[in-house]
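Each chain is listed here by its residues.
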Amino acid sequence: MSADNITHYLCIGCPLGCRLEVEDNGAGDVVEVRGWGCKTGKAYGRQEHTDPRRVVATSVRIRGGRWARVPVKTSGAVPKALVCEVARAVRGVEVEAPIAIGTVVLANVLDTGVDIVTTRDMERA
Amino acid sequence: MITPELRHLAPRYDVVISGGGPAGMAAAIGAREHGAEKILMIDREREAGGILWQCIHHGFGLHHFGEELTGPEYAQRYLQQVLADDIDVLTDTYVYDISPDRQLKLMSGSHGIRTIEAGAVVLAMGARERTRGAIRIPGERPSGVLTAGLAQKFVNMMGVLPGRRVVILGSGDIGLIMARRLTLEGVEVLGVHEIMPHANGLNRNIVQCLHDFDIPLTLSSTIVDIRGRERVTGVTVAPVDEHLRPDLSRARDIDCDTVLLSIGLIPENELSRRIDLRLDPVTSGPVVNSTMETSANGVFACGNVVHVHDLVDFVSQEALLAGRSAGDYVTGHRPPADNIRLVPGDNVAYCVPHTLSTDREHVVYMRVRKPMEKCTIRFGDVLSSKVKYVFPAEMVNITVKPKFLENFHDDTLRVDVVQR
Ligand code: SF4
């Protein structure tokens, strides 16, 4: 077992914050997750090591709305490595008031199969 | 969400709720459920919903709705219910005075100065952020020093960035969330400094807001100087010792144009003081009984005005009870008075409510003073509950069923959290 194959994670399952140690066989497969205090942490370590995902929430320009921005999110979790790129892609979007919650403002962002949708209604000012 | 303009403001309501955030909305729904007819919810912003509109990240509602929502989604669901319940919503309006006989003075953008009467009042004004003045950071007084929540409103609602190079003081959740939010907008977040030896925010936020973007978190460190004449040009940070005294010999300068403060919340109790409500010195909020009624008859309180919560779900739960109790009060269905006073004991900072009655089930919220693992929460010798851990940053809630209190005949009940 070489130290190169060990990655450390902080479990986010509860405030105990167990320090997880994930051992990898070098090909991306998990050999063992250590350091967990419960099953949640064991599963989290595996998921976070093999396929970490995040929901991205940001806001986009809206013309004629009560506020200058309307909040949006990804309709599902996207790979963690794409978070910044997704945010950048969304920065160029501009919509027009009124708009309803759940409206798709950018479909299939970066070919992830995930849409960018509004998270509130916004009426015209 | 359309908040309709309230055309007719009646001179008298059964229940008036001061504050239209998560607490106010749940209280309004509770008052309707328990029979109040004319209900008015007042908010000082342009729209009800409170701070949730600007908390655009997700993670709300897991307890309450059983799914993870963003703040705006949580707000909109509630506000839709409030409007469907035919509750009068008055926005752009301050309640600036209240009397013990429940006359409220309002200052309203659309209705001017008005006085209205209320059968019952629910105080749901929430909390505000501590500012630079609260911790007296030395240095110049340039622009560019603001609270994390204000920066959040700038970015998420007004579309304005607070600066280009940011240092964050305090590792509360709002500060961590803003570290990520600003990074996603292309702002450089240089680091988060926390005076305590441990982080204040959730581990989830430490990982997903800091680690994900390689933003450094420096513990036992604080800002000892802010420089700049017109605009912030830099700060000096220094490590602190175990008495939180900075060691200036190890200070270092950081060039930045913005300082965000995430250093805690203070319940907004100006109105509570107008009617001399009994306040709890630990929570800085009103003392409440098991119906969330304060020391003034017919005046109820809930949410962050009573004690600062960490999850909105519990605000909603507590506020629903306050609203229902206000409904009971105006329809003449008050439950029997409380007969047991809770006394915070070992490792318990406070309990809310402050008193209980033996005839009903209660949820008691409390906060501990220090972290403990494998411990027991004890209510005198009538109830003991084992828990895996307690943390000061995480509110504990525990259900007390009437059967536990059946044979309890004392009038005070001590609450302890002890090591097993
Ligand atoms: S492994 Fe279990 S006990 Fe440890 S932090 Fe994660 S959820 Fe909590």
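Refer to the structure above for everything that follows.
In this text, all values refer to a predicted model and were calculated from it rather than measured experimentally. The residue count restarts for each chain, going from 1 along the sequence in the order it is written. The order in which chains are written sets their letters, starting at A; the order in which ligands are written sets their numbers, starting at 1. Since the coordinates come from a predicted model, pLDDT governs what is reported: local features require at least 70, and pairs of side-chain atoms require 80 or more to be given and counted, while whole-chain, interface and lining totals use all residues. Excluded from the side-chain calculation are hydrogens and water; included are all heavy atoms of the structure.

### Here's the deal with the overall build of chain A
Consideration 1: Each helix and strand counted, chain A has two helices and 10 strands in total.
Consideration 2: A run of DSSP states H or I qualifies as a helix once it reaches four residues; a run of E qualifies as a strand once it reaches two. Both are numbered from the N-terminal end. Reading chain A from its N end, one meets helices and strands in the order β-β-β-α-β-β-β-β-α-β-β-β.
Consideration 3: We compute the radius of gyration from the C-alpha atoms alone; for a globule the expected value is 2.2 Å times N to the 0.38, where N is the number of residues. Its C-alpha radius of gyration of 19 Å places chain A more than 25% over the 14 Å reference for a compact globule of 125 residues.
Consideration 4: Counting the 125 residues in chain A, one finds 43% classified as buried.
Consideration 5: Of the contacts made within chain A by residues no fewer than 6 positions apart, 44% connect residues no fewer than 24 positions apart.
Consideration 6: Using a 1.4 Å probe, accessible areas were evaluated by the Shrake-Rupley method; residue-level cover was limited to the displayed protein chains. Summed over its atoms, the accessible surface of chain A is roughly 6100 Å², and 50% of this surface lies on carbon and sulfur atoms.
Consideration 7: For the charge count, each Lys or Arg is scored as positive and each Asp or Glu as negative, with His and the chain ends excluded. By convention, the point assigned to a charge is CZ for Arg, NZ for Lys, CD for Glu and CG for Asp. Taking the average location of the 17 positive side-chain charges in chain A and that of its 15 negative ones, the two points are 8 Å from each other. Burial classes: relative accessible area under 20% of the type maximum marks a residue as buried, over 50% as exposed, and values in between as partly exposed (1.4 Å probe, protein chains only). Contacts between residues were defined by any pair of non-hydrogen atoms, one from each residue, lying within 4.5 Å.

### A short note on the interface of chain A and chain B
Consideration 1: Residue-level contacts link 33 residues of chain A with 37 residues of chain B.
Consideration 2: When two components associate, each loses some accessible surface as probed by a 1.4 Å sphere; the sum of these losses over both components is called the buried area. When the two sides are added together, the surface that chain A and chain B hide from each other amounts to roughly 3200 Å², 57% of it contributed by carbon and sulfur.
Consideration 3: By the criterion of area lost to chain B, the three top residues of chain A are A:Pro15, A:Leu16 and A:Trp67, representing 21% of everything that side buries.
Consideration 4: By salt bridge we mean one thing: a side-chain nitrogen of Lys or Arg within 4 Å of a carboxyl oxygen of Asp or Glu. Between A:Arg120 and B:Glu47 there is a salt bridge whose closest N-O contact spans 2.8 Å.
Consideration 5: We define a polar contact as two N or O atoms separated by no more than 3.5 Å, with the added condition that, inside protein, one atom must be a possible hydrogen donor and the other a possible acceptor, whereas residues neighbouring each other in sequence contribute only through side-chain atom pairs. Viewed at the interface, chain B and chain A are joined by 16 residue pairs in polar contact (both at pLDDT 80 or more).
Consideration 6: Looking at the side of chain A that touches chain B, the elements with two or more residues in it are helix H1 (39-50), strand E5 (57-63), strand E6 (69-74) and helix H2 (83-91) of chain A.

### Regarding the site of the ligand
Consideration 1: Around the ligand, the neighbouring residues are A:Cys11, A:Gly13, A:Cys14, A:Leu16, A:Gly17, A:Cys18, A:Trp36, A:Gly37, A:Cys38, A:Thr40, A:Gly41 and B:Lys388.
Consideration 2: We call a residue near a given molecule or strand whenever any one of its heavy atoms falls within 4 Å of it. Mapping the residues near the ligand onto chains gives chains A and B.
Consideration 3: Of the residues assigned to the shell around the ligand, the class counts are six nonpolar, five polar and one charged. Classification used: nonpolar for Ala, Val, Leu, Ile, Met, Phe, Trp, Tyr, Cys and Pro, charged for Asp, Glu, Lys and Arg, polar for all others including Gly.

### Looking at the packing of helix H5 (residues 173-184) of chain B against helix H6 (residues 203-210) of chain B
Residues and elements named next belong to chain B.
Consideration 1: Only the stretch in contact is used when a helix axis is fitted, and all axes are lines through C-alpha atoms; the angle between N-to-C directions ranges over 0 to 180 degrees. The interhelical angle for the contact between H5 and H6, taken along N-to-C directions, is 20°, at an axis separation of 8 Å. Between H5 and H6, the angle is such that the two are roughly parallel. In the crossing of H5 with H6, the sense of the turn from one axis to the other is left-handed. Residues Asp173, Leu176, Ile177, Ala179 and Arg180 of H5 pack against Asn205, Ile206, Gln208, Cys209 and Leu210 of H6.
Consideration 2: Class assignment for the residues of the contact of H5 with H6 results in six nonpolar, two polar and two charged. Comment on the angle field: the value is read as roughly parallel under 35 degrees, roughly antiparallel over 145, roughly perpendicular from 65 to 115, and oblique elsewhere. Helix crossings fall into two classes, left-handed where the near helix is turned counterclockwise from the far one by less than a right angle and right-handed where it is turned clockwise.

### Things to note about the pattern of salt bridges
Consideration 1: Within the structure shown, the criterion is met by 36 salt bridges over all chains.
Consideration 2: For B:Glu117, the salt bridge is made with B:Arg12, and the minimal N-O distance between the two is 3.9 Å. A residue pair is termed long-range when its members are at least 10 positions apart, and B:Glu117 in strand E8 (residues 112-123) and B:Arg12 in strand E1 (residues 12-18) qualify at 105 residues.
Consideration 3: Given the relative accessible area of 40%, B:Arg12 is considered partly exposed.
Consideration 4: Ionic pairing is found between B:Arg44 and B:Glu268, a salt bridge with its closest N-O pair at 3.3 Å. With B:Arg44 in the loop between strand E2 (39-42) and strand E3 (58-60) and B:Glu268 in the loop between strand E18 (265-267) and helix H7 (270-274), the pair connects residues that are 224 residues apart, well separated along the chain.
Consideration 5: On the accessibility criterion, B:Arg44 (40% relative accessible area) is partly exposed.
Consideration 6: Each of A:Glu21, A:Glu23, A:Glu32 and A:Arg34 takes part in salt bridges that share partners, so that together they form one network.

### A look at the side chain of B:Asn347
Consideration 1: As for its position among the elements, B:Asn347 is in the loop between strand E20 (340-344) and strand E21 (350-352).
Consideration 2: Within the structure, the side chain of B:Asn347 is placed 2.9 Å from the backbone nitrogen of B:Arg369, a separation counted as a polar contact.

### With respect to the side chain of B:Asn203
Consideration 1: Within the secondary structure, B:Asn203 sits in helix H6.
Consideration 2: Judged by its relative accessible area of 17%, B:Asn203 is buried.
Consideration 3: A polar contact of 3.1 Å, which involves the side chain of B:Asn203, links it to the backbone oxygen of A:Cys14.
Consideration 4: In this structure, B:Asn203 is in contact with A:Leu10, A:Cys11, A:Ile12, A:Cys14, A:Pro15, A:Leu16 and A:Gly17, ignoring residues within four places of it in sequence.

### Some points on the sheet that holds strand E10 (residues 116-118) of chain A
Residue and element names in this part refer to chain A.
Consideration 1: One bridge is not enough; two strands pair if DSSP finds at least two bridges between them. One open sheet accounts for five strands, arranged E8-E5-E6-E10-E9; its pairing is mixed. Of all strands in the sheet, those with a lone pairing partner are strand E8 (94-96) and strand E9 (104-106), marking the two edges. Each neighbouring strand pair of the sheet contributes to a mean axis angle of 45°, computed without reference to strand direction.
Consideration 2: Bridge analysis of E6 against E10 gives three bridges, and the strand direction is antiparallel. Bridge pairing links valine 72 to threonine 118 in E10.
Consideration 3: Sheet strands in contact with H2 are E5, E6, E9 and E10, and its direction is about 5° off that of E5.

### Looking at helix H2 (residues 71-84) of chain B
All names here are of chain B.
Consideration 1: Expected span, for any helix, means 1.5 Å times one less than how many residues it has. The first and last C-alpha atoms of H2 sit 20 Å apart over 14 residues, in line with the 20 Å expected at 1.5 Å per residue.
Consideration 2: Residues of H2 that are buried: Gly71, Pro72, Glu73, Tyr74, Ala75, Gln76, Tyr78, Leu79 and Val82.
Consideration 3: Just past H2, the residue aspartate 86 takes up positive phi, approximately 60°.

### Remarks on the layout of surface pockets
Residues and elements named next belong to chain B.
Consideration 1: The method works on a 1 Å grid over the protein atoms by themselves. A cavity is a set of points holding a 1.4 Å probe that cannot get out, a pocket is an open set with protein on both sides within 12 Å along at least five of seven lines, and residues with an atom within 4 Å of a point line them. Grid points are joined across faces, edges and corners, and a volume is the space filled by probe spheres set on the points. The space that makes up the second largest pocket amounts to roughly 340 Å³.
Consideration 2: If you go around the second largest pocket, you meet 21 residues; those closest to its centre are Arg278, Val287, Arg341, His354 and Thr355.
Consideration 3: Mapped by element, the contributors of at least two residues to the lining of the second largest pocket are E20 and E21.
Consideration 4: Per-element accounting of the lining of the second largest pocket gives the leading share, four residues, to E20.
Consideration 5: A breakdown of the residues in the lining of the second largest pocket according to their chemical character gives 12 nonpolar, five polar and four charged.
Consideration 6: If you count residues domain by domain, the lining of the second largest pocket takes at least three from each of domain 1 (12-128 + 266-331) and domain 3 (340-419). Each domain's extent is set by a domain assignment, obtained either automatically or from a database.

### Some thoughts on unusual backbone geometry
Residues apart from glycine generally show negative phi values, whereas peptide bonds are mostly found in trans.
Consideration 1: Omega for the peptide link from A:Ala97 to A:Pro98 comes to 0°, which places this bond in the cis form.
Consideration 2: Position of A:Pro98 relative to the elements: it lies in the loop between E8 and E9.
Consideration 3: Of note, B:Asp86 is a non-glycine position whose phi angle comes to about 60°, a positive value.
Consideration 4: Note on placement: B:Asp86 falls in the loop between H2 and strand E5 (88-90).
Consideration 5: For B:Lys374, which is not glycine, the phi dihedral falls at a positive 45°.
Consideration 6: Of note, B:Lys374 is situated in strand E24 (residues 372-379).

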